Structures are given as structure tokens and as C-alpha cells.
Amino acid sequence: MHIALLCMETGGRARRQRRPLFAFLCFCLLQLVIGQIRYSISEEMVKGSVIGNIANDLGVELKRLVSGRARVFTSDGSEYIGLDREAGQLVVKQRIDREGLCGEISACSLSFDLILENPMELYRISIDIVDINDNSPVFPKNEIDKEISESSLPGARFSLESAIDPDVGINTLQKYVLHPTDHFSLNVQSSPDGSKNVEMVLKVPLDREQKANHYLTLTAIDGGSPQRSGTVKIHIRVLDANDNAPIFSQSTYKATVLENAAVDTLITTVTATDADEDASSVIQYYFEHATPIVKASFSINAGSGEITVAGPLDYEKFKQFKIKAVAIDNGGLTNSCEIIIDVIDVNDNTPKITVMSFSSNLPEDAAFGTVIAMINVQDLDSNDNGKITCSIAPSSPFKIVSTMPNYYNLVTDSELDRELTPEYNITITAVDGGNPSLSSKEALTLKISDINDNAPQFDNEMYNAYVPENNSPSLSIFSVKALDADWGPNSRISYFIDDGSLNGTPLESFISINTDTGVIYAMKPFDYEQMKSLKIKIKAQDGGTPPLSTNATLNIFVQDQNDNAPQVLYPVQTSGSVVAEIVPRSADIGYLVTKVVAVDVDSGQNAWLSYKLQKAADRALFEVGTQNGEIRTVRQVTDKDAVKQKLTVIVEDNGQPSRSATVTVNVAVADSFPEVLSEFTDFTKDKDYNDNLTFYLILALIVVSILFIFSVIAIISVKIYRWRQRKLFYKSANNLPVIPYYPTMYSDGTLQQVYEFCGTTDSRRSDIKPMRPYSQNTLTVSLSRPGTVQRERKEQLDAELSLEQKPPNNDWRLPPNQRPGPSGQHRFHTIQQRWTPYDKSRAGPLPEGAGVVAGTGPWPNPPTEAEQLQALMAGANAVSEATATMGPRYNAQYVPDYRQNVYIPGSTATLTANPQQPPQQALPPPQAMPPTDAPKAAQTPASKKKSTKKDKK
């Protein structure tokens, strides 16, 4: 035990009489429990007087008193003491009257608590109230009337009412003084409790006849400095003789009473006897010097001496009463006794719960043992009735911890989760130990504040959305929703699309998301044929600090729509040539003419294709397979069937609505190639008159009318532009190098691609471009001009040719029946043949290795008939190779072999496609001719014309 005692002397307080008075101030700090301080002050100090510097005594900084909101707490709510936070001092807040505060108790003290928050601290402070002599002795009455018989003997005692001095110690009543003292003297007796009983003793017998009335003055003096006194006048009336005084049966009576006893409950009875007879023996009882509390609590029957309960009793205020009872007879003789009444405590006070400090909001991440509230519990009962047990519901995550007697802390005992329980209603129950026990309850409402401890949660980890293609931009295609168990800003969710790309394109260019609602929009139309599905990651992020997020996957499936018409891959439709399929007249039923091949880039049912003929005659020669597109004969070919057959095939998909495409297939019913040529030369004369011709004419007139002015301006601008370009090109053409180009050829001398060469005589520009190769089983006829196998004509010779073409030997011109070559009947299949238009020119000499011609020298630049036959032979060779894979209708026995006995007119050499095969001699070699060149023959118009055509080709 460590005890620290510090005493100080202070002075200076104004009295009501404004007399200077020095007070002694002493405080004692008793560290039996940490945080307990004791001060000592005088009562009646002026309001605002300083009691002590609590900050220094506690070792606490002044700013801690301010920040901790230090305050004084008293259980009974009295406000005698105040706290000056700025100065850190305890001051007198109200007038302190020790007598009113403690009554007759000599040791008077005032206890209160000093509470600081953040963190919570509690200091117990006690202040001893030192009594000062501020009360004078006071007699209950201003005048005392006494009747004394003249027969009273000297030494007779007459009790007087004592003066009352509320002060204690040296300041209370000390002595009495009686004046005059010729007949009477004072006898003062001190009781064990410190009270004084005053008796007046007769010294000299009284004589009523000499003096019937005596007047005395009794003065009561206390021991204070300065002394205070009180006086009372005593009037003594001398009576006739009565020489026996009443005598009590007991000098001291003891009794007990329950504090909850009802009014008029009999406590005890005092009895006194008088030896006198008749009227002198009649005795009256009364309380002597009874205080107001005694008068309010008890009463005595003057005739019987019964003491009963007169008012409510409270053990907590007065545990014991000492009452003086007096018995007086008719002769005025008296006697007194003492009555001690002990009040028995009953459990009539419920515990009182006082919440000194309470934090109504607590974060859900509060640590174990966090103080929520500081509680004071009081029970005014004693012993077991005052023993209190404080508790809360055991299922709550809190507990009650006792810090010191009658003080408890409400602390956390487990983890808190606002999402499970956002608010707690805590009921604190205080039960005393009485029988039956009494209890009281205090309800506290504690709200749990949220922290960001929950991430947003999607309903599913993966979502699937289906979007039809060709959707409109900004179309809402899906909506996601995430929930956050937190509250307030921590539960505010924003939606984002994670950064990513598809084929190098950011995902934000395809879709977007509303950050507040989670609605997903398409940024542009989707095309099923380009993108069938799209996978994105969606992030939901809350507004906490730091923010928490979670991801979900969204699979967007593009649904196919029938937005693509079928595309015909075969037969290929060209605007400048006619493709014809050849069917022999001896074809059987079911003969495969050709197959229409079409595709639809859509999928599913939208890509299911069906084929049908647009116009089927009554006796149609052909039919098309609904599923496979194969065109076959349905009957035998007759002589009435036309050579030219035009079939229009409709290819239709299975979409809703369906889309279709048409393709025209030209079929030639013939057994020989010349027959096919003779018939197909008239194709260009046929016109396909559309039923909507009128509509197109009107549309053309409208377009021409609107664009006429713009066309004229455009033509003039183009002419000017070309003129400037030609002028610029002529200036720079002389510096351009000439790079020869040799196209790639097959081993038989034919070109792997068809080339178109464009050249003009009036410019130095030319162009050569590869053409799309034709199918080996098609016959292509130029439609640029009508006629059979067309022979182009050139009006004038190229002025820039430096070497004139030498005409071939004239002996090559033979009748057709005398020309060398294969004989016999042959079946023609589709062979591709292309003639060069007028405005084009053939390429130059072939490079080495393109083909072998035995027995001849270098070919001239213009093509000859032999070159044409070589092209025919290359086509026949391709047809022969195709018969091995194309089925029965490509039988090799029907294909003429142009590689056998092909002669070049005017020469003894044969033309072959195999460079390794030795040349064959078809005719006897002519006699040797001199190596000199033949003289140039004069050109006739016909030979000039033919030469021009050859040079053109």
C-alpha cells in the first residue's frame, strides 16, 4: 500500500457578515486503487473557489482533459463540484452546507467520478467537508414554562430542553450557563453519543408564598471561534406540594421496526409509576427534544405511553433513532428515559443503473475487449439486499466486466459482422441478493458501422447472352447484377469491362457497359460470318476504400440470320463470254450434264440449299437435283430438241424469309464441235428481255437527267487530266529502263495463265495482266462481235515495227479435206478457246523452253495456224487428263487425240507437246533448198489483211 498525503493551507472566503476567515485546505491522495484522489475543503466556500489542480495531481496534460471531454459524474446527480478543463482545476459549483449534506455525522465527505473518453478513463475523487462554526446553538422554544411544587426538596432535578447545534466537533455545543443561580443550579450530563442532557437542580426550597414565579435565563455556548450562543427564558411557577415524581420501569428502552412498517404499527410501550395518589398520580408521556424527523416518524400516546409508527421509515437514511421520553404527573414532577429504535432493512430498493459513458456506434472490425459503455450500479439496501449481480444476454457478442465495486464495463467478446447483425439491442440486468430479489434493466442500442469487408458478388460466375446478327448499334443485349453485402458507399457498385482485345481490336469497340446499372450495349452490328462468339470479363467494383471487386465471364453468342443469299461457284457467269455445256444426242437418261455448285455463308437452316429450274417445259429434257444441284437428262434426246438449251437454275436457302440466286446454264445438244460453234455464234443476237424493262428505262432517264451536267464536267476534267499526264510522261519516258518479262509455261509450251496485253502506238505505256483461268471443260466464245471463229482485222500497220513480217509459204493453203490431221468421227466436249479482241495485241516471242517444234527455225512474231493448232492440242491434252477423274461421260474413246499426226502446213515437221519425243516425219522431205531467203512478194490487200490479223494475234 502506497499512501501519499499532501496538505495545503488556503484562505479567503467571505462570510455573510463579510468577516475574513481563513480556511484550511488539505487533500490526500490515496493510491489504494489507481486513479483515486482525496481532497479536503471547508464548507460554505464561495462559488468558484478552487479546490485543487486535478491535472497536476493526476499527471494528465490539459489538452487530454479537453480532448477526452473530461466531466464530473455523481450518482445522485448533485452538482456541488465543477471542472475547469482549460485550467485543469476542480472548483466549487454550488454552496456546500455540511449540516445539510451529512447532518449529525461528523465525518462528512463528498464522492464523485472524473471520466475521460477516447480512451475511457475513470478516476474516483473524494472530498472531505470540514465543518466550520457557522451555526449558533438554538433552543427548541424561546421560553420554558415549569411548574414546581413548593414541597420539592433541595436536590430535586428538573429536566430542561437542550439546545441544538448542527455543527460538529469543537464547533458544536460545549456548555450551558444559568442565570440567576440563587435557587437553582445546572447539572449537565454527557451521553456516550456526545449529546448533553441539561437538568436544573433545586438548591434552596421554594416558598410559593414568598415568590410564586421565578424567571431564569439559560445560555448555551459552543466551542467555535468566535463562540456562538443561544438563550432561552425559563418561567417557574411554584405549585402546591407534590413530593413523588414518576419513575420509569426502564431507564432505556430498545425496540426494532421494519423500514416498511405501516403507519400506526406499535413499536414499544413505556411505563412510569407515581407513588402519589389521586390526581397527583396521573402521568402524561411525551417526547422531549424530539427532532422534526422523530416527530414525523414516531408518535407517543400521552396516556398509555405506546410508541407507534407515524410516517414512512427509510433504513438507507436513518438506521437508528434515539428518543427521550418524559413522564410527568399532575404535580409537575417528571422523569425521563431513553428509547432506542433500530430500523431493520428490507429489500425495498431496486438496483439503479447509471450509464456514465456509451459509444452508440461501433465499427464491425472492433478488436476484442473494446469498451463500449461504462456503467455504475447502486443499491441503497444493505448486506445481501445490496449485493448486485450485473449481466447481459449470454448469446450476444458482448460481456460485462467489473472494474471496481459497483462499476462495470461493457466490452466486445467476439467478432462483429454488420452484414449479419447491423444493430444490437443490449439489455443490462442488475439483480440484488434480497429475498425476494429485485432487479432493474437498462436497454442500450448499439449500431454497427460498416467497413468494406465484402466484395461484390454476381449471381453467376458465367453468363450467356444471345444476340442476333445485324443488330442495331447501342442495342441493350444483356444486363448483369452484382450485390454487395456492405452498406452506404461501400455497397455502391460500378461495372467495368476488363481490358482485352479480339483479333487486335479492343473489346470496347464491340460492347460497352453502363457503369451504374450493368446494362451491356452493342457498340456496332455483329456479323455472324465474321464473329460467332465473344467472351468478355465484367468487373464489379464497390466504392469502398480500398475498393473490392469481383469478375464474371459473359459469353456473347451471335445468332445467325438469313442475311446472305446463296453464291453460285459453278458455272461461272461472265459478262463477256458464254459458257456452254455440250450434251451428245446419244446421251442416255440420267446423263450428267453439269453440276451447279453454290454455297451460303450463313449457317444452320439458313445454309440449307435447294435447287430447281425456273421454267420447266412440259417435255423438259433436263432436271436439276433438289439437294445436289446436278443437271441430268430425263429422257432421250430427239431431233426435235433444239441445239441451244438455256436453263435457269434457282438456288434457294431455307431461311425465313428465304433468299435465292439464279444462274443460267447454256447447254448445247450436238455431236460435233463445228455444230456447236455455228449455233453459239447467234447467242449474242439473243436478248433477254426483262419484264421490268420499262422500269429500268424510266430509271435510266432519271439518272441521265440528274447526272448530265456532272458527267460533262467530269469528262472535261478527265480529258484535261490525261493530257497533262501524257505530257508529263513523255518528258520522263526516255529515262525509264525496259525490263523484259517472260511468263511461266507448262512443259508442253502452253501458258499457265491467260494474259491480256494492252498497248497503243501513240503512247509509251502498255499493260499486261493475268486473266482468271478457265475451266478445262468449258467453251468460251467472245461476244464482242458476231460471227464464227473471229478473225480480227487491223486497218493499218504499226508504224514503229522495224522488221516486216515474212509471209509463210503459199503451199500451206490446202482444202480442208487435204489438210493433215486426225480423221474420223469425234465427240466434242467443252473446250476453252479465247480470241483476242481488236484493241489488244499479243505478247512477243516465247522464251526458250516453252515448246519444241521439230525441223523448223525460229517462229516469226505473228502467230500462225500452227500456233493455233498447238493451243488446240494443249486443250485436248487437258481434256484427256480430266477423263481419268470425271466419270463415265468423259470416256477417252470420244476424245480426239490431237497429239497424233498434227502437221504444220508448208513444213515437213510435226508439232508435239512433249519435248522429249523425237519429231515425226509425216511427208517425204523436199529437196534441199538454198538457204537464201525468198524474194518478197508484193502484198495484196488480202494478204495484207491476213498478215495484219496474224500480227494482231
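Residues numbered from 1 in each chain as written. Predicted model: local features only at pLDDT ≥ 70, side-chain atom pairs only at ≥ 80, totals over all residues. Heavy atoms only, no water.

Notes on the overall build of the chain
When you go through the chain residue by residue, the secondary structure sums to eight helices and 60 strands. Considering only contacts in the chain between residues 6 or more positions apart, those separated by 24 or more positions represent 66%. Of the roughly 55100 Å² of accessible surface on the chain, a fraction of 52% belongs to carbon and sulfur atoms. (Helix = DSSP H or I, 4+ residues; strand = E, 2+ residues; numbered from the N terminus. Contact = heavy atoms within 4.5 Å. Areas by Shrake-Rupley, 256 points an atom, 1.4 Å probe, with all protein chains shown as cover.)

Quick look at the side chain of Arg-64
Structurally, Arg-64 is set in helix 2 (residues 62-67). The contact partners of Arg-64, leaving out residues within four places of it in the chain, are Leu-116, Glu-117, Asn-118, Pro-119 and Glu-121.

Side note on the sheet that holds strand 20 (residues 252-258)
Pairing is mixed in the open sheet, where four strands are placed in the order 20-27-26-23. In this open sheet, the two edge strands, each paired with only one partner strand, are strand 20 and strand 23 (283-288). The mean inter-strand angle of the sheet, taken between neighbouring strand axes irrespective of direction, is 30°. Across nine bridges, the pairing between strand 26 (residues 320-329) and strand 27 (residues 334-344) is antiparallel. Counterpart to Gln-320 in the pairing with strand 27 is Asp-342. (Pairing = 2+ DSSP bridges. Axes fitted to C-alpha atoms, helices over the stretch in contact; angles between N-to-C directions.)

Observations regarding the packing of aromatic side chains
For the structure shown, the criterion picks out 10 aromatic pairs. Taken together, a centroid distance of 4.9 Å and an interplanar angle of 80° make the contact between Phe-298 and Phe-321 edge-to-face. Taken together, the residues Phe-298 in strand 24 (residues 298-300) and Phe-321 in strand 26 connect sequence positions 23 residues apart. Arranged with centres 6.3 Å apart and planes meeting at 75°, the rings of Phe-458 and Tyr-463 form a pair that is edge-to-face. Each member of the pair, Phe-458 together with Tyr-463, is buried. Cluster of aromatic residues (ring-pair linked, three or more members): Phe-298, Phe-318 and Phe-321. (Phe/Tyr/Trp six-rings, centres within 6.5 Å; stacked < 30°, edge-to-face > 60°. Buried < 20%, exposed > 50% of the residue type's maximum accessible area, 1.4 Å probe, protein only.)

A word on the pattern of salt bridges
All told, the structure shown has 22 salt bridges when counted by the stated rule. Glu-117 is paired through a salt bridge with Arg-69; the nearest N and O atoms lie 2.3 Å apart. Remark: Arg-69 occurs in the loop between helix 2 and strand 7 (71-73) and Glu-117 occurs in the loop between strand 10 (109-116) and strand 11 (121-130); sequence separation between them is 48 residues. For Arg-124, the salt bridge goes to Asp-113, with nearest N and O atoms at 2.8 Å. A residue pair is termed long-range when its members are at least 10 positions apart, and Arg-124 in strand 11 and Asp-113 in strand 10 qualify at 11 residues. We classify Arg-124 as partly exposed; its relative accessible area is 26%. Here the residues in one salt-bridge network are Glu-44, Arg-95 and Asp-97, joined through shared partners. (Salt bridge = Lys/Arg side-chain N within 4 Å of Asp/Glu carboxyl O.)

Side note on the sheet that holds strand 44 (residues 519-522)
Adjacent strands of a sheet pair through backbone hydrogen bonds, lying either parallel or antiparallel. Taken in spatial order, the three strands of this open sheet run 38-44-43, and their pairing is antiparallel. Each having just a single partner strand, strand 38 (475-479) and strand 43 (511-513) make up the two edges of the open sheet. Pairwise comparison of adjacent strand axes, ignoring direction, gives a mean angle of 30° for this sheet.

Quick notes on the state of the cysteines
According to the stated counting rule, one finds one disulfide in the structure shown. Two residues, Cys-102 and Cys-108, share a disulfide whose sulfurs are 1.7 Å apart. Here the S-S torsion is close to 65°, and the disulfide linking Cys-102 with Cys-108 is therefore right-handed. With relative accessibility at 16%, the residue Cys-102 sits in the buried group. Residue class for Cys-108 comes out buried when judged on its relative accessible area of 3%. (Disulfide = S-S within 2.5 Å.)

Here we look at the environment of Phe-184
Inspection of the secondary structure puts Phe-184 in strand 15 (residues 184-190). What makes Phe-184 buried here is its relative accessible area of 1%. Sequence separation between Phe-184 and Ala-156 is 28 residues; the distance between their C-alpha atoms is 9.6 Å. In this structure Phe-184 touches Ile-148, Phe-158, Leu-178, Met-200, Val-201, Leu-202, Lys-203, Leu-206, Leu-216 and Ile-236, once residues within four positions along its chain are discounted.

Observations concerning unusual backbone geometry
Each neighbour pair has its own omega, and for Asn-435 with Pro-436 the value is 0°, a cis peptide bond. Assignment of secondary structure puts Pro-436 in the loop between strand 34 (423-432) and strand 35 (439-449). A cis amide bond links Thr-545 to the next residue, Pro-546, at an omega of -5°. Located in the positive-phi region is Asp-264, a residue other than glycine, with phi close to 75°. Among the secondary structure elements, Asp-264 is positioned in the loop between strand 20 and strand 21 (266-269). Of note in the backbone geometry, Asn-383 takes a positive phi value of approximately 55° without being a glycine. Note on placement: Asn-383 falls in the loop between strand 30 (371-378) and strand 31 (388-391).

Digging into the environment of Asn-335
By the secondary structure assignment, Asn-335 is in strand 27. Not counting chain neighbours up to four residues away, the residues in contact with Asn-335 comprise Pro-246, Ile-247, Phe-248, Ala-325, Val-326 and Ala-327.

Here we look at the pairing of strand 15
Of the strand pairs in this sheet, strand 15 and strand 16 (residues 196-202) are connected by seven bridges, and their pairing is antiparallel. Each residue of the ladder has a partner; that of Phe-184, found in strand 16, is Leu-202. Counting the residues in the hairpin turn of strand 15 and strand 16 gives five residues, including Gly-194, whose phi is positive at 100°.

Focus on the pairing of strand 51 (residues 609-613)
In summary, the side chains of a regular strand alternate between the two faces of the sheet. Here strand 51 shows one buried face, formed by Leu-609, Tyr-611 and Leu-613, and one open face, formed by Ser-610 and Lys-612. Two elements, strand 51 and strand 54 (residues 644-653), share five bridges in a ladder whose sense is antiparallel. Paired with Lys-612 across the two strands is Ile-650, which belongs to strand 54.

Brief notes about the side chain of Ser-357
Along the polypeptide, Ser-357 turns up in strand 28 (residues 352-358). A relative accessible area of 4% means that Ser-357 is categorised as buried. Here the side chain of Ser-357 touches Glu-117 through a polar contact of 2.9 Å, side chain to side chain. (Polar contact = N/O pair within 3.5 Å; in protein donor to acceptor, adjacent residues only side chain to side chain.)

Things to note about the environment of Glu-288
Along the polypeptide, Glu-288 turns up in strand 23. It is 9.1 Å that separates the C-alpha atoms of Glu-288 and Ser-162, two residues lying 126 residues apart in sequence. The contacts of Glu-288, once residues within four sequence positions are left out, are Ser-159, Leu-160, Glu-161, Lys-324, Val-326 and Ser-336. Among the polar contacts listed, one links the side chain of Glu-288 to the side chain of Ser-159, at a separation of 2.7 Å.

Some remarks on the confidence of the model for the chain
With 69% of its residues at a pLDDT of 70 or more, the chain shows a mean pLDDT of 75. Every residue in residues 737-742 is under pLDDT 50, and counting partners more than four places away or in other chains gives two contacts. Below pLDDT 50 for its whole length, residues 882-953 participates in 105 contacts with residues either more than four positions away or in separate chains. (pLDDT = per-residue confidence, 0-100.)

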